[in-house]
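# Analysis of the macromolecular model
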Amino acid sequence: MTTPTSGARQRVLSGMQPSGDSLHLGNYLGALVHWVRMQDEYEAIYFIPDLHAITVPQEPGELAERTRRTAAQYIAGGVDVDKCTLFVQSHVPEHAQLGWVLNCITGFGEASRMTQFKDKSLKHGADSASVGLFTYPILQAADILLYQPEGVPVGEDQRQHVELSRDLAQRFNSRFGEAFVVPKPFIQKESAKIYDLQNPTAKMSKSAGSPAGLINLMDNPKVTAKRIKSAVTDTETEIRFDKEAKPGISNLLTIYSMLTGKSIDEIVGDFHGKMYGHLKTELADVVVAHLDPIRTRAEELLGDPAELDLLLARGAEKARSIASATLTEVYSKVGFLPPLGGAR
Ligand code: TYM
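Residues numbered from 1 in each chain as written. Predicted model: local features only at pLDDT ≥ 70, side-chain atom pairs only at ≥ 80, totals over all residues. Heavy atoms only, no water.

Attention shifts here to the site of the ligand. Close contacts around the ligand come from 28 residues, with Tyr136, Asp143, Gly155, Asp157 and Ile194 the closest. Within the contact set of the ligand, an oxygen atom lies 2.8 Å away from a backbone nitrogen or oxygen of Gly155. Taking Gln158, its side chain carries an N or O atom lying 2.9 Å from a nitrogen atom of the ligand. Relative to its unbound accessible area of 710 Å², the ligand is 97% covered by the protein chains. Only strand S1 (11-15), helix H1 (25-41) and helix H7 (131-145) provide two or more residues apiece to the shell around the ligand. A breakdown of the residues in the shell around the ligand according to their chemical character gives 12 nonpolar, 12 polar and four charged. (Near = heavy atom within 4 Å. Polar contact = N/O pair within 3.5 Å; in protein donor to acceptor, adjacent residues only side chain to side chain. Areas by Shrake-Rupley, 256 points an atom, 1.4 Å probe, with all protein chains shown as cover. Helix = DSSP H or I, 4+ residues; strand = E, 2+ residues; numbered from the N terminus. Nonpolar A, V, L, I, M, F, W, Y, C, P; charged D, E, K, R; others polar.)

In structure tokens form, the structure reads like this:
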């Protein structure tokens, strides 16, 4: 293995798709806040998986813009390019190159068992789903394994994909010799799943049927407050945490707790005897106060796209130095004839 984690710090890696104009609160609480905390403790690598975004149709003009918007939201949310490596996936060709090798050691049945493909292909119509959507988790395994991270900080919905990357790392290592660290999913229980405001048993997701259930980082505060106040709850009146019986209220309490640092019990105590409307109004204030500075900062960053592109170019250079070492070793272990001069 040529690129184990250097020094004392363990390495983590993660990414979020640039598939919308804004990240949502599930992305923020399920992943981004943990990334920000981790960049002090770990050697952190964060990227924008634009190759993954085209597994479903994208408007080319929009994709580039959404990639920049995603980068701006990472940074505005606290990702610090001086502490971590931040880059765009398509700027590092080794992702696609390793992806191909991993495609060739993944079973068709194994890929068919990935639940996200089943869900997404059903949504878009199974016949029109692309082969790229089918092999999506294998490219994700390449994203991860290229950088030899110990941990992959994600929400619960990505657990199966990280498990696949572990299986593929172990398979490659035993078939061809040690080339990969076997990564672990780092999933923070409390925020692993934030639910849709209108359909609180489904995860908050960009591909939800209606935008009314989403809290977006880049939305106008009035829209955000309105969506929280219209969140679906239940016919009782008592404010308490019970995921089964009261998924809507429980989701609001989770969000409140994550953003204020207060425990659920403390919040339930504070709202004892109050109405759902009180909780919603206060939560709307908490969310807006938290997200508004992020949106403002992201907009500022987007005002200077050349500077943003420069930061991303520097990040890609750092990322490539790790990725190319892994790929060279993998190619050699697989038995590819080295090109003259040694450069791949
Ligand atoms: P994506 O873009 O769907 O989501 C980005 C991150 O947000 C988390 N997340 C949630 N967490 C809690 N509640 C929710 N409702 C919620 N919705 C999303 C996701 O778990 C994820 O951590 N396949 C990945 C992108 C990817 C990737 C990678 C991630 C590509 N290559 C390599 C890690 C490592 C995805 O589509 O995430």
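Still more ground to cover, so stick around.
In this section: the pairing of strand S3 (residues 85-88). Side chains of S3 alternate between two faces, with Thr85 and Phe87 and Leu86 and Val88 buried alike. Sheet analysis places strand S2 (residues 43-48) next to S3, joined by four bridges and oriented parallel. Bridge pairing links Ile48 to Val88 in S3. (Buried < 20%, exposed > 50% of the residue type's maximum accessible area, 1.4 Å probe, protein only. Pairing = 2+ DSSP bridges.)

What follows deals with the pattern of salt bridges. Scanning all chains against the criterion turns up 22 salt bridges. Residue Asp157 is joined to Lys203 by a salt bridge in which the shortest nitrogen-to-oxygen separation is 2.7 Å. A residue pair is termed long-range when its members are at least 10 positions apart, and Asp157 in the loop between strand S4 (151-153) and helix H8 (159-176) and Lys203 in the loop between strand S5 (184-186) and helix H9 (221-229) qualify at 46 residues. On the basis of relative accessibility, which here comes to 29%, the residue Lys203 falls in the partly exposed class. Between Arg295 and Asp292 there is a salt bridge; the shortest N-O distance is 2.6 Å. You can see Arg295 and its partner Asp292 sitting in helix H12 (residues 276-302), three residues apart, about one turn around the helix. By relative accessible area, which is 15% here, Arg295 ends up buried. (Salt bridge = Lys/Arg side-chain N within 4 Å of Asp/Glu carboxyl O.)

With 58 residues, the main nonpolar core has Tyr28, Tyr46 and Tyr74 as its most contacted residues. When residues of this core are traced back to their parent elements, those giving at least two are H1, S2, helix H3 (60-76), S3, H9, helix H10 (247-260), H12 and helix H13 (305-334). When near neighbours in sequence (up to four residues on either side) are disregarded, Tyr46 contacts Val12, Ser14, Trp35, Met38, Gln39, Tyr74, Val79, Cys84, Thr85, Leu86 and Phe87. Among the nonpolar cores identified, the runner-up in size contains 39 residues, and Ile144, Leu146, Ala169 and Phe172 belong to it. (Core = buried A, V, L, I, M, F, W, Y, C linked by side-chain atoms within 4.5 Å. Contact = heavy atoms within 4.5 Å.)

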